[in-house]
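Each chain is listed here by its residues.
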Amino acid sequence: ALEAAAYICGQKVTINMREGFDHSYHFIAAFIENHIEFHGKRLRKKQQQTLAEAEYDFSMTQGKPIHCKAMVARIPKQPLTE
């Protein structure tokens, strides 16, 4: 059913079935390392792409003072102050 639904909507899917295993705790426990590696590889690739595409232009603020509007709790249960 999952494969058919993925096909219908055009979603690429990798189904990882092993003979003698159902999708129970024992299957997950036996192959969790592969599962984490699978997703880790894709997440690292996406992170690298995102970082490569990021452009930081600090020219508008370069050399200007930083005005911080953070509030600080100096004493418990008292109003915050700048």
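Just above sits the structure.
Here goes a summary of the coordinates provided.

Some words on the environment of P79
Topologically, P79 is positioned in the segment after α2 (25-53). A residue is classified by how much of its surface remains accessible, and P79, at 63% relative accessible area, is exposed. Note: C-alpha distance between P79 and E55 (24 residues apart in sequence) is 38 Å.

A closer look at a positive patch on the surface
Together, K12, K41, R42, R44 and K45 line one region of the surface with positive charge. One can find R44 in helix α2. Look at R44 and you get partly exposed, because its relative accessible area is 48%.

Structural notes on the packing of aromatic side chains
Inspection of the entire model under this criterion finds zero aromatic pairs. Its end group placed over the ring of F31, R18 keeps NZ or CZ at 4.5 Å from the ring centre. Positioned above the aromatic ring of F38 is the side chain of R42, whose terminal nitrogen or guanidinium carbon lies 3.7 Å from the ring centre.

Re a nonpolar patch on the surface
Taken together, the side chains of L2, V13, I15 and M17 make up a nonpolar region of the molecular surface, amounting to roughly 380 Å² of accessible area. Note on V13: relative accessible area 37%, which makes it partly exposed.

Conventions and cut-offs
Residues numbered from 1 in each chain as written. Predicted model: local features only at pLDDT ≥ 70, side-chain atom pairs only at ≥ 80, totals over all residues. Heavy atoms only, no water. Helix = DSSP H or I, 4+ residues; strand = E, 2+ residues; numbered from the N terminus. Buried < 20%, exposed > 50% of the residue type's maximum accessible area, 1.4 Å probe, protein only. Patch = residues over 30% accessible without salt bridge, like charges linked within 9 Å, V, L, I, M, F, W, Y side chains within 5 Å. Areas by Shrake-Rupley, 256 points an atom, 1.4 Å probe, with all protein chains shown as cover. Salt bridge = Lys/Arg side-chain N within 4 Å of Asp/Glu carboxyl O. Lys, Arg positive; Asp, Glu negative; His and termini not counted. Charge placed at Lys NZ, Arg CZ, Asp CG, Glu CD. Phe/Tyr/Trp six-rings, centres within 6.5 Å; stacked < 30°, edge-to-face > 60°. Lys NZ or Arg CZ within 6 Å of the ring centre and 35° of its normal.

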